[in-house]
Amino acid sequence: MSAASARPQGFSFTEGVRLASGRGRTGVIRTPHGDIATPAFVVVGTKATVKAVLAESVAAVGAQAVLANAYHLYLQPGSDIVDAAGGLGAFMNWPGPTFTDSGGFQVMSLGVGFKKVLAMDAAAAARAGDADHATAPGRERLARVDEDGVTFTSHLNGDRHRFTPEVSMRVQHELGADVIFAFDELTTLAHSRGYQEESLSRTQSWARRCLAAHGELTASAPGRPYQALFGVVQGAQYEDLRRRACRELAAMEVDGRRFDGFGIGGALEKENLGTIVGWCADELPSDRPRHLLGISEPEDLFAAVAAGADTFDCVNPSRVARNSAIYTADGRYNLLTAANRRAFVPLEDGCDCYTCAHYTRAYLHHLFKAKEMLAATLATIHNERFTVRLVDDMRAAIESGEFGALRTEFLGRFHAARRLIPSSGQGM
Ligand SMILES: [Zn+2]
């Protein structure tokens, strides 16, 4: 079968407008469950739920797609259950496009004890010492990587499990998301250059195995909606490794099947994020979409969009919402501060979300103080709307030729306010 005739049904990417300066662009990703206008922020529903909010609310904040996690759903309730329910979207009552990440991040990050957030910054790397074999203080090593896959211990009950590229593909096919990711090895900035090279060659060989397994699974179930497979670019902060990884993944082909898009993963220093995404955008083919895994801070989103990333996901907007931290154009603040006790105003002036239309800072301050569940629901709706809308505004600004102006104006205001209100950084 030729590559052309193996072109997937129901999935495509069409590039729209490109930035005059830089690599940023608009586009449309077409999936069997609907289109995604890019750039777009994909809302995270780790365990097949965006924590604390109904699927209807996820739609109301303007989310075009939801990303769930293969590792968590494999352990609980089991990917076979999700399959029997008709796939992730049907199971969680989300009719639109869905993504699952490969499970690699969780298998390795929960396993080796980095907790939920990797040591992505240089300072943490320096503290980590012999990071090639590091575990977080007080944590046992719960995952072991070998050439064939990863053996790990469930964080739920201590059971032993094994993920290989083939297992990840089977699990993600059972989960049935429209976009799935190749199983890759996670590294951090703390790993040595030598380990990064060794890990990257393992990730590339796993990518080839994922393509092969994906091809077989797709061919064995011709009636199912097509699932697009994205290869994941690793290589940490090294330009030569990142560029090589991109070229190899772009050219990789097994039985006429290629990656439908790409994920940019792994260790990124915040200040180098745009540079690294730019290297990848240079090397990756422009006719396939690029997803940047795990970012949502406004300055990161602007840098990534400018550098040519199309979609993004992050748990952060909902996670910090549950800790009473609220994003606004004037920076982030915490609802628990005493100033909000009698603030009978919306969470953010001019916000078009459901929470801001109906509730006040004073009411949410009360709900958080009283530890009422509705606090998390209402705060999450606002933060997700803020993040989705920000990326939507970037898309509109690329189309109207005003992206640079939007970036300067937005970040100037966001950071100016942050400097004036030191407490706005609380709530992580
Ligand atoms: Zn709002």
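Residues numbered from 1 in each chain as written. Predicted model: local features only at pLDDT ≥ 70, side-chain atom pairs only at ≥ 80, totals over all residues.

Novice: Can you lay out the overall build of the chain for me, pointing to particular residues and giving the numbers?
Specialist: Counting its regular elements, the chain contains 16 helices and 16 strands. With 428 residues in all, the chain has 50% of them scored as buried. (Helix = DSSP H or I, 4+ residues; strand = E, 2+ residues; numbered from the N terminus. Buried ≥ 20, exposed ≤ 12 C-beta atoms within 10 Å, placed from the backbone.)

Novice: Can you explain the environment of P95? Please cite residues and give values.
Specialist: On the secondary structure map, P95 appears in the loop between α4 (88–91) and β6 (98–101). Those residues in contact with P95, other than ones at most four positions away along the chain, are H33 and G89. (Contact = placed C-beta atoms within 7 Å.)

Novice: Lay out the packing of helix α7 (residues 165–175) against helix α8 (residues 193–220) in plain terms, naming residues and giving numbers.
Specialist: Packing of α7 against α8 leaves a shortest axis separation of 8 Å and a crossing angle of 40°. The orientation of α7 relative to α8 falls into the category oblique. When the axes of α7 and α8 are compared, the crossing they make is right-handed. Of α8, the residues touching α7 (which contributes P165, E166, S168, M169, R170 and H173) are W206, R209, C210, A213, H214 and L217. (Axes fitted to C-alpha atoms, helices over the stretch in contact; angles between N-to-C directions. Parallel < 35°, antiparallel > 145°, perpendicular 65-115°, else oblique. Left-handed = near helix turned anticlockwise from the far one by under 90°.)

Novice: Quick rundown of the environment of A236? Include the residues and the values.
Specialist: Within the element layout of this structure, A236 appears in the loop between β11 (228–233) and α9 (239–251). According to the C-beta neighbour criterion, A236 is buried, with 23 such atoms within 10 Å. Placed 43 residues apart in sequence, A236 and R193 show a C-alpha to C-alpha distance of 9.1 Å. Not counting the four nearest positions on each side in its chain, A236 is found in contact with T187, L189, Q196, L241, G266 and A267.

Novice: An account of the pairing of strand β16 (residues 331–334) is requested, with residue identities and associated values reported.
Specialist: Regular strands place side chains that alternate from one sheet face to the opposite one. Burial of the side chains of β16 extends over both faces: G331 and Y333 are buried on one face and R332 and N334 on the other. Here strand β15 (residues 325–328) pairs with β16 via four bridges, running antiparallel. By the bridge assignment for β16, Y327 is matched with R332. Here β15 folds back onto β16, and the loop between the two strands holds two residues. (Pairing = 2+ DSSP bridges.)

Novice: Now, about the sheet that holds strand β1 (residues 12–18): what can you tell me, with residues and values included?
Specialist: A sheet is described by the order of its strands in space; here three strands give the open sequence β1-β2-β3, paired in antiparallel fashion. Each of the sheet's edge strands pairs with one partner strand only, and the pair in question is β1 and β3 (34–38). Pairs of neighbouring strands in the sheet enclose a mean axial angle of 15°, with direction left out of account. When strand β2 (residues 25–31) meets β3, the two strands line up antiparallel, connected through five bridges. Bridging from a neighbouring strand, G27 pairs with T38 of β3. Across the sheet, helix α15 (residues 373–400) lies against β1, β2 and β3, angled at about 125° from β2, the strand it touches most.

Novice: Lay out the nonpolar core in plain terms, naming residues and giving numbers.
Specialist: Of all hydrophobic cores here, the largest spans 115 residues; its most connected members are V66, V277 and A304. Looking at which element gives the most residues to this core, the answer is α15, with twelve residues. Each of domain 1 (12–102 + 167–314) and domain 2 (325–418) gives at least three residues to this core. Not counting residues up to four positions away in its chain, the partners in contact with V66 are V42, V43, G45, V50, V58, W94 and T98. (Core = buried A, V, L, I, M, F, W, Y, C linked by C-beta atoms within 7 Å. Domains from an automatic or database assignment.)

Novice: Describe the confidence of the model for the chain, naming the residues involved and giving the relevant values.
Specialist: Atomic detail in the predicted coordinates should be set aside for any region of low pLDDT. On average, residues of the chain score 89 in pLDDT, and 88% of them are at 70 or above. pLDDT under 50 marks residues 112–130. Its contacts with residues more than four places away, or in other chains, come to 39 contacts. A low-confidence stretch, residues 422–428 stays under pLDDT 50, and its non-local contacts, those more than four residues away or across chains, total 17 contacts. (pLDDT = per-residue confidence, 0-100.)

Novice: If you had to explain the packing of helix α10 (residues 273–283) against helix α11 (residues 298–306) to someone new, which residues and values would you point to?
Specialist: Where α10 meets α11, the closest approach of the two axes is 8 Å, and the angle between their N-to-C directions is 25°. Viewed along their axes, α10 and α11 adopt a mutual orientation that is roughly parallel. In this structure, α10 meets α11 at a crossing whose hand is right-handed. On the side of α10, the interface is formed by L273, G274 and V277, while α11 contributes D300, A303, A304 and A306. Partitioning the contact of α10 with α11 into residue classes produces five nonpolar, one polar and one charged. (Nonpolar A, V, L, I, M, F, W, Y, C, P; charged D, E, K, R; others polar.)

Novice: Pulling in residues and values, what's your account of the pairing of strand β12 (residues 261–264)?
Specialist: Taking every second residue as pointing to the same face, both faces of β12 are buried, with G261 and G263 on one and F262 and I264 on the other. Pairing of β11 with β12, which is carried by four bridges, proceeds in the parallel orientation. By the bridge assignment for β12, G231 is matched with F262. Running through α9, the crossover from β11 to the neighbouring parallel element β12 is right-handed. As judged from the three bridges shared by β12 and strand β13 (residues 290–293), these two strands associate in the parallel manner. What sits directly across from F262, in β13, is R290. (Right-handed = clockwise from strand over helix to strand, strands pointing away.)

Novice: Give a description of the environment of L175 that names residues and reports values.
Specialist: Mapped onto the elements, L175 comes out in helix α7. L175 gets classed as buried once you count the C-beta atoms within 10 Å, which come to 25. The spacing of L175 and L88 is 87 residues in sequence and 5.4 Å in space, taken between C-alpha atoms.

Novice: Summarise the sheet that holds strand β10 (residues 179–181); cite the residues concerned and give the values.
Specialist: Read around the closed barrel, the eight strands follow the order β4-β5-β6-β10-β11-β12-β13-β14; overall the barrel is parallel. The sheet shows a mean angle of 30° between the axes of neighbouring strands, direction not considered. The pairing of strand β4 (residues 40–44) with strand β5 (residues 66–69) spans two bridges and is parallel. Within β5, the residue paired with V43 across the bridge is V66.

Novice: Account for unusual backbone geometry, with residues named and values stated.
Specialist: Cis geometry marks the peptide bond from T38 to P39; its omega dihedral reads 0°. Within the element layout of this structure, P39 appears in the loop between β3 and β4. One non-glycine residue with positive phi stands out, namely A48, at about 65°. Its location among the elements puts A48 in the loop between β4 and α1 (55–60). Unusually for a residue other than glycine, D255 sits at a positive phi of about 50°. Along the chain, D255 turns up in the loop between α9 and β12. Given 12 C-beta atoms within a 10 Å radius, D255 is considered exposed.

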